[in-house]
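# Results of the structural survey
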Amino acid sequence: MPRADITDLFRIDDLLSADEKAARDSVARFVDSEVLPIIGRHFRDGTFPAHLVPGLAELGVLGANLQGYGCAGMNTVSYGLILQELERGDSGLRSFASVQGSLCMFPIQAFGSEEQKARFLPDMAKGRLIGCFGLTEPDFGSNPGGMRARARKDGDTWVLNGTKAWITNGSIADVAVVWAKTEDGGAESVRGFLVEKGTPGFSAREIPGKFSLRASLTSELSFQDVRVPERNVLPGVVGLKGPLSCLNNARAGIAFAVTGAAIACFEGAREYALSRAQFDGKSIAGYQLTQEKLADMLQEIVKAQLLGLRLARLKDEGKSTPVMVSLAKRNNVKSALEIARVARSIYGANGITDDYPPVRHMLNLESVFTYEGTHEVHTLVLGKAITGIDAFG
Ligand code: FAD
């Protein structure tokens, strides 16, 4: 089911394999029939549509690009396409899938023991276990190396203390991948801990008052003398490169995915503009200023699609770099956010209500602009690559 012809002006469909199109189309049908009819209500009520999880699992969405352990083993392009379709529905639903697959299942697969992989991954792929990723802290967001969370070895267990903030899926997670420094304290001492729901001393509370990603759960996690057995420590990585490699993996998917929100806004605004008449019964789509808005939106969508696809192909060839990921995430999120804002303006007053999707996407994209490396942090990554000068400190 290719998108409306005009959205695929540059025949990106021709660049996709039959498998890639099939993966995309199955998720597109799911979004049309199961997500779009209910997502506005969940956004309004601030609830996560948990009943969709088994359907997503059935389609192979959870950990889609991982091999083995019941995962679908898709390539990065297919993974990007299905995330794009989810984001056409809602960035909150896509965030759920990104966190489950790229931030929780990926580190278990990449850095976990054989026993950990067998214990968690098949049930996570089926949606029977939900995961979250705890890196950010109340005082350490862009600079996770400063984290205060600490793990102290005591016999054959670790004792974990600290607080993690802004954790997607936190309050429904059965297993949290939590990053903490071990006692020697440097960023090189960071280890990953699999903290299971119900472990004494571990609690999660929802962060109230969000105006963005309202159909996604965002929590604060607290760890007070939480005893984590050695068998729940990820053995395969030490240091910040552990969480950063997860983020790099997730960001590539997000760079591809956000264009889904942009497409939803563009298609909705185009239809609305054609049906809405002002002055002499003429549709607002017939006025040049509206046409300029639509032309700018389409132009950015085409560029973002090409960038996302090229990045995913390079990732599949083992040639992508974090700098490429920064450029693609930075460009595509910014343009999707701008498209949502302009689409909102085309709807006039109707656009500020949740009867139409742009304002929901616009508010959601404000989070996407900030998480997975803020827009500014990706600017600094590019600045360093261009000049050789590190402007972070
Ligand atoms: P800060 O780091 O305090 O930054 C504030 C502002 O200062 C930003 O504009 C930033 O770009 C700018 N800034 C910071 N340093 C510099 C600098 N050196 N130069 C120039 N500008 C700078 N985290 C997780 O670990 N797991 C999750 O599942 C997760 N989910 C999230 C879900 C949502 C809805 C949101 C909003 C966030 C989520 N996060 C999650 C946290 C997210 O990764 C952080 O919000 C992000 O890293 C930014 O950190 P901060 O909010 O503390 O902002």
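Residues numbered from 1 in each chain as written. Predicted model: local features only at pLDDT ≥ 70, side-chain atom pairs only at ≥ 80, totals over all residues. Heavy atoms only, no water.

Looking at an unreviewed UniProt entry, one finds the chain named Acyl-CoA dehydrogenase, with Corallococcus soli as its source organism. In the Cofactor (unreviewed entry) part of its UniProt record, the chain is described as follows: "FAD". Taken from UniProt, the Sequence similarities (unreviewed entry) comment for the chain reads in full: "Belongs to the acyl-CoA dehydrogenase family." (UniProt positions renumbered as here; feature names shortened; annotations may be inferred.)

Here we take up the overall build of the chain. Of the regular secondary structure elements, the chain holds eleven helices and seven strands. Radius of gyration (C-alpha) of the chain: 21 Å, near the 21 Å computed for a compact globule of 393 residues. Over its C-alpha atoms, taken along the principal directions, the chain stretches across nearly 80 × 50 × 40 Å. Counting every position in the chain, which comprises 393 residues, the buried fraction comes to 54%. Counting only carbon and sulfur atoms, one obtains 54% of the accessible surface of the chain, whose full area is about 16,400 Å². Across the chain, the 44 positively charged side chains and the 45 negatively charged ones have centroids separated by 2 Å. (Helix = DSSP H or I, 4+ residues; strand = E, 2+ residues; numbered from the N terminus. Rg over C-alpha atoms; globule rule 2.2 N^0.38 Å. Buried < 20%, exposed > 50% of the residue type's maximum accessible area, 1.4 Å probe, protein only. Areas by Shrake-Rupley, 256 points an atom, 1.4 Å probe, with all protein chains shown as cover. Lys, Arg positive; Asp, Glu negative; His and termini not counted. Charge placed at Lys NZ, Arg CZ, Asp CG, Glu CD.)

Here we take up the nonpolar core. Judged by nonpolar contacts, the single largest core of 30 residues is most densely connected at V258, A269, M297, I346 and L365. Secondary structure elements with two or more residues in this core: α7 (259–275), α8 (288–316), α9 (322–346) and α10 (358–370). In terms of residue count, α7 provides more of this core than any other element does, eight residues in total. Core analysis: the second largest hydrophobic core is formed by 28 residues, C104, L194, V237 and L247 among them. (Core = buried A, V, L, I, M, F, W, Y, C linked by side-chain atoms within 4.5 Å.)

Our focus in this paragraph is unusual backbone geometry. The backbone of R11 sits at a positive phi, close to 50 degrees, despite the residue not being glycine. For F279, which is not a glycine, the phi torsion comes out positive at approximately 65 degrees. One can find F279 in the loop between α7 and α8.

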